[in-house]
Amino acid sequence: MGTGVPASEQMRCAKGDPQVDCPEDAGDTEAGQVTDFESPEDKRPQSEPGYSNPEDSGQLMASYEGKAKGYQVPPFGWRICLAHEFAEKRKPFNANNVSLSNLIKHLGMGLRYLQWWYRKTQVEKKTPFIDLINCVPLRQIYGCPLGGIGGGTITRGWRGQFCRWQLNPGMYQHRTVIADQFTVCLRREGKTVYQQVLSVERPSVLRSWNWGLCGYFAFYHALYPRAWTVYQLPGQNVTLTCRQITPILPHDYQDSSLPVGVFVWDVENEGDEALDVSIMFSMRNGLGGGDDAIGGLWNEPFCLERDGETVQGLLLHHPALPNPYTMAMAARLTADTTVTHITAFDPDSTGQQVWQDLLQDGQLDSPAGRSTPSQKGAGIAGAVCVTGKLPPRGQCRLEFSLAWDMPRIMFGAKGQVYYRRYTRFFGRDGNAAPALSHYALCQYVDWEEKISAWQSPVLDDRSLPAWYKSALFNELYFLADGGTVWLEVPEDSLPEELVESMCQLRPILQEYGRFGYLEGQEYRMYNTYDVHFYASFALVMLWPKLELSLQYDMAVATLREDLTRRQYLMSGVMAPVKRRNVIPHDIGDPDDEPWLRVNAYVVHDTADWKDLNLKFVLQVYRDYYLTGDQGFLRDMWPVCLAVMESEMKFDKDQDGLIENGGYADQTYDGWVTTGPSAYCGGLWLAAVAVMVQMAILCGAHDVQDKFSSILRRGQEAYERLLWNGRYYNYDCSPQPQSCSIMSDQCAGQWFLRASGLGEGDTEVFPTRHVVCALQTIFEFNVRAFAGGAMGAVNGMQPHGVPDRSSVQSDEVWVGVVYGLAATMIQEGLTWEGFQTAEGCYRTVWERLGLAFQTPEAYCQQRVFRSLAYMRPLSIWAMQLALQQQQQKKASRPVAAHGTELSTGPKLGPKEAMANPK
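To start, this report covers the structure provided alongside it. (Residues numbered from 1 in each chain as written. Predicted model: local features only at pLDDT ≥ 70, side-chain atom pairs only at ≥ 80, totals over all residues. Heavy atoms only, no water.)

1. As for the pattern of salt bridges
All chains considered together, the criterion is met by 42 salt bridges. Between Lys 126 and Asp 591 there is a salt bridge; the shortest N-O distance is 3.9 Å. Placement of the pair is Lys 126 in the loop between α4 (107-123) and β3 (145-146) and Asp 591 in the loop between β25 (574-578) and α15 (612-627), with a sequence separation of 465 residues. Taking the relative accessible area as the measure of exposure, Asp 591 reaches 13% and is therefore buried. With a closest N to O distance of 2.8 Å, Arg 720 and Glu 716 form a salt bridge. In this pair, Arg 720 and Glu 716 are both assigned in helix α18 (residues 701-722), four residues apart and thus about one turn of the helix distant. (Salt bridge = Lys/Arg side-chain N within 4 Å of Asp/Glu carboxyl O. Helix = DSSP H or I, 4+ residues; strand = E, 2+ residues; numbered from the N terminus. Buried < 20%, exposed > 50% of the residue type's maximum accessible area, 1.4 Å probe, protein only.)

2. Considering the sheet that holds strand β31 (residues 857-858)
The strand order across the open sheet formed by four strands is β2-β32-β31-β30, and the pairing between neighbours is mixed. Every other strand in the sheet has two partners, leaving β2 (91-92) and β30 (812-813) as the edge strands with one partner each. Bridging between β2 and strand β32 (residues 863-865) involves two bridges; their strand directions are parallel. The residue bridging Lys 91 from the neighbouring strand is Val 863, located in β32. (Pairing = 2+ DSSP bridges.)

3. Points about the pairing of strand β5 (residues 162-166)
For β5, the tally of buried residues reaches five of five residues, placing the bulk of the element in the interior. When strand β4 (residues 153-156) meets β5, the two strands line up antiparallel, connected through four bridges. Following the sheet pairing, Thr 153 is matched in β5 by Gln 166. Hairpin connection, β4 to β5: the antiparallel pair is bridged by five residues, and Gly 160 has positive phi, about 100°. From the end of β5 to the start of strand β6 (residues 173-174), which pair antiparallel, there are six residues, and Gly 170 there has a positive phi angle of about 80°.

4. Considerations on the nonpolar core
Within the largest apolar cluster, 284 residues are counted, with the highest numbers of intra-cluster contacts made by Trp 78, Trp 265, Leu 402, Phe 616 and Trp 876. Ranked by residue count, the leading element in this core is helix α17 (residues 678-697), at 16 residues. Discounting chain neighbours no more than four positions away, the residues touching Phe 616 are Tyr 529, Gln 551, Met 554, Ala 555, Ile 583, Met 636, Val 639, Cys 640 and Val 643. Judged by nonpolar contacts, the second largest core, of 16 residues, contains Cys 185, Trp 209, Trp 211 and Val 354. (Core = buried A, V, L, I, M, F, W, Y, C linked by side-chain atoms within 4.5 Å. Contact = heavy atoms within 4.5 Å.)

5. Let's talk about the packing of helix α20 (residues 767-783) against helix α22 (residues 830-847)
Running from N to C, α20 and α22 cross one another at 20°; their axes reach a closest spacing of 11 Å. Judged by the angle between their axes, α20 and α22 are roughly parallel. Crossing geometry of α20 relative to α22 is assigned as left-handed. In this structure, α20 contributes Phe 778, Val 782 and Arg 783 to the contact, and α22 contributes Trp 831, Glu 832, Gln 835 and Thr 836. Tallied by class, the residues present in the contact of α20 with α22 amount to three nonpolar, two polar and two charged. (Axes fitted to C-alpha atoms, helices over the stretch in contact; angles between N-to-C directions. Parallel < 35°, antiparallel > 145°, perpendicular 65-115°, else oblique. Left-handed = near helix turned anticlockwise from the far one by under 90°. Nonpolar A, V, L, I, M, F, W, Y, C, P; charged D, E, K, R; others polar.)

6. Re α22
Taking 1.5 Å of rise per residue, 18 residues should cover 26 Å, and α22 covers 24 Å from first to last C-alpha, within 8% of that figure. Phi turns positive one or two residues past the end of α22, at Gly 849, with a value near 70°. (Expected span 1.5 Å × (residues − 1).)

7. With respect to the packing of helix α12 (residues 505-512) against helix α14 (residues 544-558)
One can describe the packing of α12 onto α14 by two numbers: an axis separation of 9 Å at closest approach and a directional angle of 130°. When the interaxial angle is binned, α12 and α14 end up oblique. For the pair α12 and α14, the sense of crossing is left-handed. On the side of α12, the interface is formed by Leu 505, Ile 508, Leu 509 and Tyr 512, while α14 contributes Lys 545, Leu 546, Leu 548, Ser 549, Tyr 552, Asp 553 and Val 556. For the contact of α12 with α14, the class distribution of residues is eight nonpolar, one polar and two charged.

8. Digging into the packing of aromatic side chains
This structure, assessed with the given rule, holds 61 aromatic pairs. A centroid spacing of 5.2 Å and a plane angle of 85° characterise the contact between Tyr 64 and Phe 219, whose relative ring orientation is edge-to-face. Of this pair, Tyr 64 sits in the loop between α2 (28-33) and β1 (78-81) while Phe 219 sits in strand β9 (residues 218-223), and the two are 155 residues apart along the sequence. For the pair Tyr 64 and Phe 219, one class covers both residues: buried. Relative to Phe 852, the ring of Trp 78 has its centre 6.3 Å away and its plane inclined at 80°; by these criteria the two rings are edge-to-face. Of the two residues, Trp 78 is situated in strand β1 and Phe 852 in the loop between α22 and β31; the sequence distance between them amounts to 774 residues. For Trp 78, a relative accessible area of 1% corresponds to the buried category. The class of Phe 852 is buried, set by a relative accessible area of 0%. Taken together, the ring pairs connect Trp 78, Tyr 220, Trp 467, Tyr 468, Tyr 477, Phe 478, Phe 515, Tyr 517, Phe 834, Tyr 841, Trp 845 and Phe 852 into an aromatic cluster. Lys 469 extends its terminal NZ or CZ atom over the ring of Phe 76, reaching a point 4.0 Å from the ring centre. The side chain of Arg 871 reaches across the aromatic face of Tyr 534, ending 4.8 Å from its centre. (Phe/Tyr/Trp six-rings, centres within 6.5 Å; stacked < 30°, edge-to-face > 60°. Lys NZ or Arg CZ within 6 Å of the ring centre and 35° of its normal.)

9. With respect to the environment of Ser 891
Looking at the element boundaries, Ser 891 is found in the loop between α23 (875-890) and β33 (895-896). Distance from Ser 891 to Val 692, taken between C-alpha atoms, is 25 Å for residues 199 residues apart in sequence.

10. Let's talk about the side chain of Gln 244
Within the secondary structure layout, Gln 244 lies in strand β11 (residues 238-245). A polar atom in the side chain of Gln 244 sits 3.0 Å from the backbone oxygen of Cys 144. Not counting residues up to four positions away in its chain, the partners in contact with Gln 244 are Cys 144, Pro 145, Leu 146, Arg 156, Pro 225, Arg 226, Ala 227, Val 262 and Phe 263. (Polar contact = N/O pair within 3.5 Å; in protein donor to acceptor, adjacent residues only side chain to side chain.)

11. A short note on the environment of Tyr 523
If you trace the backbone, Tyr 523 turns up in the loop between β23 (514-516) and α13 (529-542). Sequence spacing of Tyr 523 and Cys 840 is 317 residues, and the spatial spacing of their C-alpha atoms is 21 Å. In this structure the side chain of Tyr 523 is engaged in a polar contact, spanning 3.1 Å, whose partner is the side chain of Arg 865.

12. Section: the sheet that holds β11
The strand order β1-β9-β10-β11-β12-β19-β16-β15-β14 describes an open sheet built from nine strands, whose pairing is antiparallel. At either end of the open sheet lies a strand with only one pairing partner, and these are β1 and β14 (298-306). Along the sheet, successive strands turn relative to each other by an average axial angle of 15°, direction set aside. Packed on one face of the sheet, helix α8 (residues 433-459) meets β9, β10 (226-233), β11, β12 (260-269), β14, β15 (309-318), β16 (325-333) and β19 (395-405) and runs near 110° to β19. The strands that helix α9 (residues 466-474) touches are β1 and β9; relative to β9, the one it contacts most, it runs at about 70°.

Put into structure tokens, the structure is as follows:
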């Protein structure tokens, strides 16, 4: 094989028979060919079923015995029978899963963590930002969350249970509340003939209710932000379809913030007899935990008539401090429906009174007035019922909403009051729940039209595989359900000196608010920046103003310092919390005081991490390229200069290439890197190349010359030190794992291509090397790992065995895999990209039962790590890569398909800056 490197180096870095031939003399012709867009179908084996087969749900529907298809349920999405049981039951990663050699390496860190954990939980009475002692256990139950962005979320499981709650900002309670149910009542000729709780549960409370729905005749279908549950009622010739709707609307900065969800019940009668049908929605006030035990909770009915539309329901007042709220369960009153309610019942009793009330006439008694406040230790619940007439062979519609109003919030430290974004439109007084309910029930049709217009171009594209259509939209759940907050920014809260130097700081933050989402539901840090690097594609493509807002917040934090010293757990070293002119790891812990106290992460001193500063520079240019916002680029330019100056110290030998420090000093915080490395070295060269482009745009010719010189020297060093003929070595340490094949080695090229760079005159990494490296990754990290069915392992040794030198090198990181797939698509390896990403989707969503809780990582066997994680939002980078390839093939700038996104200013970056609007 012609590799152009010494034979000795080939033997050291590529033992075994090579499976990928990457000739060095592959000229520009071949390089040009691999950049052409090709459908993922182009290389599909002939025996493989059609990519757009909508019945692509694996074994998840194998248990379904019904014939009902439901009312207007779409063909694409994640579909599962309510009787399905996942065969594989994995456990969270813990110390038992660490090899003896790695255990010895991390013994000091483990002891320091135990001391820190004890102090945090037993002395400070706080919850650790990462709790390795009490991981969230496996529960294969979750479905689409309710609630827009930043107002809190309530997750409804695929079997219908209300089971995951994030009402207090950033803090999760994993609790199934049994009283929170929908119940159906059918009446013929004035007699109740069927009454059933639409739940497969058989609980120990409310035992007078008819539980134990037969799950074999029902299925769930999710296409976020909507979900459908179809119930074929045995022996009744009736099919119920419950459609769940949340206002997640790209480029909408009002309705997307609303803490609401809508349930539309379409009831179909396939029989020849008329029926009266009632749906009862019952709900406990609170979750039945310690917050409720203090008592003082109370319910009251309400009726709101506005613009000719009437909404009736119940308000569930939960006054517990520091974040009181009111929940509203409501229904739309029409000429064809009747709305009734029961104000209060005991959710821990047998529930006989409520059940009999509904059974008697298909309605509830509707007492007037508010309930008495609950006693200490006692629960209180309420119910709303809608009744309609169902003609023979006909259909009727019953509409419910769920809204919650927690306008004023405090984080865990209780030091500052914030107001949520939706209060801009519905007020701060805590009495908005009726208006939110009314608005949701009147607007949901418009929301659905907007959702369809957004999603249809992807769903209707027959070249795209069905699994991808499900993954692309369903992985978006985390933007709302990532402990997300979207806050109003008081005018006096911004530093005056920065307001003067950053012209758009105040306008952006005050117009669009402050956005924060967690690294993961188990890794409780807002806007973890090394991970946001991957996830940010979803935000900038769909809500670009929130991405810019986040970037301004990060820039402000970068220019500040906190010299308070603390001990870091991995090294034991004492160092400051935050140094000036370096990007913070995160913006803070919701159980503390985020934004005011940054860097909740105490594992490493991230001031010496090699990737954070570079990721800021790359994201700034990518965001400018995709939004065309010239003012943003001008504001960020001084910050980019400052962080790159801080980064320069890591190039100790002045060869134009930074060196890693011999510890895990980047996003792979358990994987040691020494000297020049493929990952950080690639990010560095990409950031230097971007600095050259920004210097041109800003007219800084001396800066342009400086970084152009660094780039030339760095490119030579990177190729000389790391390229081995087939891929870039992991690093330059003397250890055997230095030759590992890292799946993420092309991250710098990924961002360059996403930003319109990285080829032709702006090529940084030789195209033939990039393509060869990606092909090598596909053959080794993908195909040679787990039969090619689980995505790409982080590290693979050149003889085809996973790299087990660290606790992270033999993991699969779902978000990294999606980013890798995007890179493959960018370089023309479209089929390989889809094959790579498909393994992750099928593993997480179909095999492991981790829907709507996609983890950061899983191993080939036994374990997963960090459920419900930010990084998998990087699947939107695949969509951007596809759109850019299509646009390139068409040779004309067009709006990004399905996102209304311009991939760059019409004039081109340089001309646009020279000709400001």
